[in-house]
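Close look at the chain arrangement
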Amino acid sequence: QTNPGSLGFGTDENFKPTPGAQMLLESDQLIYDYDKSTVAAVGGVKIYYDGYTLEAKKVTYDQKNKTMVAEGGVKIVDRTGAIINAETIDITQDFANGFVTALKLDTPSQTHFAAEKALRKDGTTTTFYRGVYTACEPCREKPEKAPVWQVRAARIIVDHNEHMIYFRSARLEFLGIPVAYFPAFSSPDPTVKRKSGFLFPSAGYKSALGAFAKVPYFWALAPNYDLTFSPAVYTKQGLLLDAEWRHRLDTGIYTLHMAGIRQADPEAFVEEGTRNSGDQEYRGGLRTTGQFFLNRLWTFGWDATLLSDRTFTRDYNVLYESTDVAVSQVHLTGLSQTNYFDMRGYYFRVLTNDQGAEYNQARQPFVAPVADQNYLFDKDVLGGQLTMRNNVVSLTRDQTDCVDSGGDGICRPGDAILGLKGNFNRASTDWTWQSQTIGPAGMVLKPFAYLRADAFYLSQDEQLLGIDDNGQYYRAMPAMGLEWRWPILAAGGASSMLIEPIAQMIVRPDEPLAGRLPNEDAQSLVFDDSSLFDWDKFSGYDRIEGGTRANLGFRYAAELGALATVSGVVGQSYQIAGLNSFAVEDLTETGTVSGLEDDVSDYVGSMTVDSGRGYFVSARGRFDSATFDVNQAQVTATGKMGDVTASASYLYLREQPAIASTNSGTPTDTISGRASWQFTETWRLFGSIAWDFAEKQMAGNSIGLAYDDECTTFSIAYSEITQDYTDLQTSKSLIVSLQLRTLGGTQFQSNFSDGNN
Amino acid sequence: CTVRPVYMATTPGQAPAADLSAISVGDVGDRVAQQVRNNLVFAFNGGKQAPPARYDLSINVSTSEVRLGFEKDETAPAYQVTVAVKFQLTERGSGRVILRSSSSGIASYDRSNQNFANVRARIDAENRAAQAVADQMQLRLAIALAKEAKVTVAPVYAPPKVDAPAIIGSGI
Amino acid sequence: CGVKGALEPPPGGAQAKQAEEAQKTGQKLDTTAPMVPDRKLWIDHLI
């Protein structure tokens, strides 16, 4: 063992650091940990000191007990050229001294003060005369070049007790050019986490509202509750009041956010073809959210929104982001390691402003409650796993939601009905047993069986011909099946190819009351690679798959060395005996265009190419069993070529299902893409486009420019939605936003529509 | 190159090389992550009691949803749910990392004018995507363990690594 | 101007007391998220 004190380099006994030797340190990051008072250079650390070079992943200097440790692949070359490798090395005192002096110690969050004269008064305040404050790093090559922004002031007073910085007659300079003058302003230093005071204002213009400015004030009443007022003045509409209350208790947090306005010019919101929801004098809304822990397993929460009209939130962009529906819910949720319980209520407030009858509020259900339970019995039963799934739903609706194919507002027999007026109740339970054994030659055998039972209690007063929608109905579905898989791996050198043929057979009686019961939670049916090997392909409890069905296919996964991994599934499904549940015409016509309606289904396939170097393409499709025509295709791709990152998503549906309401039967053929080009280290150009091939027109686009470095983020973005792709009144918007790190940020937004007002 | 069934035992009667039942899966935080975990635990043990674990699998699950396409009334005809899992398989005891990677499962659902149907269709899509990612991970882990078994079964003679001179102190 | 920061645990509450004890013994209790009470509920049997 060497004597602790020397640098521990046995081969160079007479090491004495020459006094005043300069040390150069290079690393990705410098991390200050004030609690442990350590300074760490992290990531690709290189230190040159008096002829020695040290390389390591991390070098930590502990100021308290004066030790310095290099860790992670440490390599030291001493003056004599001897190379020493080690996992960690404790570099003693002399090396450490060099480390401290050479380090330009900055304030904790990389903010810099410079001044001609600085006066420190009894340790509480430091006053800089004719000083400059910035959060930008001085440019390494040309330190004298002005940083992106700086605040030049006659006096800058830093109060260490109050953690405040006061500027007297200050000028905000951009690239050396004075832009704004403040006689006096103060801002908390970055270590302050909560402080009452005005937050940064924002402004903008909207055609129906006029020009507006909003100045929020944050009032920190206590560490665990506060109020934020954000009044806004609109030249055409007047004063909007906005108050948000946040309160944290020991075991949870709840918020209450209210906003309201008395509009001076309500007619500004009248627009032909819409419900003119904004044309009223008093408008407002309230939103409350809450989330509480009941114990280690259980949480209780809510998110409820009450609005005066459909477009208040989007016109004044407060309270709620989405523009098609405001979902209010209250839930009780339990989660253990393997089991789950959730009881929830829903209220759907429609926000779409179009006049179509399908957007009537009365057509959406009020769900109180919907409860789910997944329970996995931990003891194995007959060598297999037993799981129980329960579901209860109770909902009411005031108006039947029928798809008006004639376009004249009258529901004719034969039109799809997505929801019946009245009260719908169902309780379901499902018991599943499954096991898996490795058979001969690596084959995987998976026997399974399940029993499903449902009880309906319906009082939906449409009394449609042939529909059981009034009274009590019961049904049960026993099923048995076997799944066989045989994954085979062909590996050679760096690449490998895996093929896993899969076959599945499920034997069941026919679906009872098929098509005669309402369908509330199993309306969507997407037949693709993810539902190919589902035992029951319906997406909810209201429909059960019946009859004997076989699913055949194979999974493939090829690893082409470092180039890419290509994987996917291909397959087909066959109704061997009994009633094909997907050929049944139920109220929502769920199976008709799914590709499963014939006894021999369409082909489904998927392919995902992941090159790991930034390229990721995932495509899935459904092809007609006879003609191979494409019935459905989804492609999403992301790529990175040099400085450009781009992503695109394409969707093709030959025929939309009935549940798409007014769009049912029409094709969808749309693509939307987004790209951003980082042309310098700090500047970035970005844009996006949405194109509708079916209508041969552009649905929307956006273009923008952004600058961000370690102390400033600035962006200017223009976006446009083509008029008939939105029921929004404003379809063009320009957003300019500027953030100065540690000082604050502001945003200017202007929306204008080429509509008639 | 060698062509072999993944789960075929190298010596008949013995547990297959890729014995997944010795993997214990870490805890998770939300419903979808629990679905992935339950699927994996069944894939490894086939519903039977698990033998003492020799490997630890930690999984980090994130669920995301994206609109596909667009319609005249601002709605989207379909939504695509992706369940992405970052996972790491380590050997218990030595803590050696055997496989550290990420897989993702994708499932989509058609949008209905009825919002309750959409909420339930999303849950079904999440379950399908969770099953898809569990199936993918099962195979990748089996292949990784099969490679492991090959290495320990017939170790190739590797010259001992030259250590740094003992005089260098290691650590404080 | 003000700083709208995250909410802190209620002073004098159970979580704040726990944080103080942790402080005395030198470790640091993470109080960014609310506290999870450690108690049994009859609904625990459901899962």
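Computed from a predicted structure; not experimentally measured.

What follows is about the overall build of chain A. Check the secondary structure of chain A and you find two helices and 45 strands. Sorting the 757 residues of chain A into buried and exposed places 49% on the buried side. Look at the contacts in chain A between residues 6 or more apart in sequence, and 51% of them connect residues 24 or more apart. Per element, the accessible surface of chain A, about 34,000 Å² overall, is 61% carbon and sulfur.

Residue and element names in this part refer to chain B. Ordered by their spatial adjacency, four strands build an open sheet running 2-3-4-5, and the pairing between neighbours is mixed. Only two strands of the sheet have a single neighbouring strand rather than two, namely strand 2 (23-25) and strand 5 (97-110). Here the strands of the sheet are splayed against their neighbours by 25° on average, with no regard to which way each runs. Judged from the 14 bridges that link them, strand 3 (residues 55-68) and strand 4 (residues 78-91) form a sheet pairing that is antiparallel. Looking at the pairing, Tyr55 lines up with Glu91 of strand 4. Here helix 1 (residues 31-45) sits on the sheet and contacts strand 2, strand 3 and strand 4; the angle it forms with strand 3, its principal contact strand, is near 130°.

Where two cysteines share a covalent bond between their sulfur atoms, that bond is called a disulfide. Residue and element names in this part refer to chain A. Within this structure, the stated rule accounts for one disulfide over all chains. Disulfide partner of Cys136: Cys711, at an S-S distance of 2.0 Å. Judged by the sign of its S-S torsion, about 85°, the cystine formed by Cys136 and Cys711 is right-handed. In this pair, Cys136 sits in the loop between strand 8 (125-134) and strand 9 (149-159) while Cys711 sits in the loop between strand 42 (697-708) and strand 43 (712-721), placing the two residues 575 residues apart along the sequence. Among the residues examined, Cys136 registers a relative accessible area of 2% and is labelled buried.

Next up on the list: the nonpolar core. Membership of the largest hydrophobic core comes to 43 residues, with the highest contact counts inside it found for B:Val36, B:Phe44, B:Leu57, B:Ile59, B:Val85 and B:Leu89. At the level of elements, strand 2, helix 1, strand 3, strand 4, strand 5 and helix 2 (115-153) of chain B are the ones that each hand at least two residues to this core. Here B:Ile59 is in contact with B:Val25, B:Val28, B:Val36, B:Arg37, B:Leu40, B:Val85, B:Lys86, B:Phe87 and B:Met137, once residues within four sequence places are set aside. If you look at the next biggest cluster of nonpolar residues, it comprises 32 residues, including A:Leu209, A:Val370, A:Leu458 and A:Tyr473.

Residues and elements named next belong to chain A. Residue placement: Asp315 occurs in helix 2 (residues 312-315). Each C-alpha atom of the pair Asp315 and Asn423 lies 35 Å from the other, and the pair is 108 residues apart in sequence. Excluding residues within four positions of it along the chain, Asp315 makes contact with Lys206, Leu209, Phe269 and Arg283.

All names here are of chain A. Residue position: Tyr603 is located in strand 36 (residues 603-610). Sequence separation of Tyr603 and Gly553 is 50 residues, and the distance between their C-alpha atoms is 9.6 Å. In contact with Tyr603, not counting residues within four places along its chain, are Gly571, Gln572, Gly621, Arg622, Phe623, Asp624, Ser625 and Phe628.

Moving on: the interface of chain C and chain A. On the chain A side, the residues contacting the 30 residues of chain C number 43 residues. Where chain C abuts chain A, roughly 3,000 Å² becomes buried across the two surfaces, and 61% of that area is made up of carbon and sulfur atoms. There are one salt bridge connecting chain C and chain A. When the shortest N-O distance is used, the salt bridge between A:Glu244 and C:Lys4 registers 2.9 Å. Taken together, the connections running from chain C to chain A amount to 22 residue pairs in polar contact (both at pLDDT 80 or more). The residue makeup of the side of chain C that touches chain A, split by class, is 17 nonpolar, seven polar and six charged.

Each value, and the rule that gives it
Residues numbered from 1 in each chain as written. Chains lettered and ligands numbered in written order. Predicted model: local features only at pLDDT ≥ 70, side-chain atom pairs only at ≥ 80, totals over all residues. Heavy atoms only, no water. Helix = DSSP H or I, 4+ residues; strand = E, 2+ residues; numbered from the N terminus. Buried < 20%, exposed > 50% of the residue type's maximum accessible area, 1.4 Å probe, protein only. Contact = heavy atoms within 4.5 Å. Areas by Shrake-Rupley, 256 points an atom, 1.4 Å probe, with all protein chains shown as cover. Pairing = 2+ DSSP bridges. Axes fitted to C-alpha atoms, helices over the stretch in contact; angles between N-to-C directions. Disulfide = S-S within 2.5 Å. Core = buried A, V, L, I, M, F, W, Y, C linked by side-chain atoms within 4.5 Å. Buried area = accessible area lost by both parts, 1.4 Å probe. Salt bridge = Lys/Arg side-chain N within 4 Å of Asp/Glu carboxyl O. Polar contact = N/O pair within 3.5 Å; in protein donor to acceptor, adjacent residues only side chain to side chain. Nonpolar A, V, L, I, M, F, W, Y, C, P; charged D, E, K, R; others polar.

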